[in-house]
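Architecture and fold: a report
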Amino acid sequence: MSFPPRDEKAARQWRHDLRNELNVVTMATSTAIALLGHGASLDLVRDHLARAEAACGRCRDLVMEPDDPA
């Protein structure tokens, strides 16, 4: 299978899923930066960075060929 998928419906869903994960990365990192600027606890900042890291992993999964090594 190629990525994005060649089937138009599947390709639209793939792009939608990828955009959603990139939005998570953007929002979580922006929130972490704002929290740092406002003196929030490091645990709270780490929670947002962990969300961003998880979303990056899901982005990676979306763009990897099925037979590519992880």
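The following paragraphs examine the structure supplied in this document.

A separate point is the side chain of Glu21. Position of Glu21 relative to the elements: it lies in helix α1 (residues 8-37). If near-sequence neighbours (up to four positions away) are discounted, Glu21 is found in contact with Ala55, Arg58, Cys59 and Leu62.

Bringing the packing of α1 against helix α2 (residues 42-63) into the picture now. Relative to each other, α1 and α2 sit at 160°, their axes nearing to 8 Å. Considering their axes alone, α1 and α2 lie roughly antiparallel with respect to each other. In the crossing of α1 with α2, the sense of the turn from one axis to the other is left-handed. When its residues are assigned to classes, the contact of α1 with α2 shows 19 nonpolar, 3 polar and 4 charged.

Conventions and cut-offs
Residues numbered from 1 in each chain as written. Predicted model: local features only at pLDDT ≥ 70, side-chain atom pairs only at ≥ 80, totals over all residues. Heavy atoms only, no water. Helix = DSSP H or I, 4+ residues; strand = E, 2+ residues; numbered from the N terminus. Contact = heavy atoms within 4.5 Å. Axes fitted to C-alpha atoms, helices over the stretch in contact; angles between N-to-C directions. Parallel < 35°, antiparallel > 145°, perpendicular 65-115°, else oblique. Left-handed = near helix turned anticlockwise from the far one by under 90°. Nonpolar A, V, L, I, M, F, W, Y, C, P; charged D, E, K, R; others polar.

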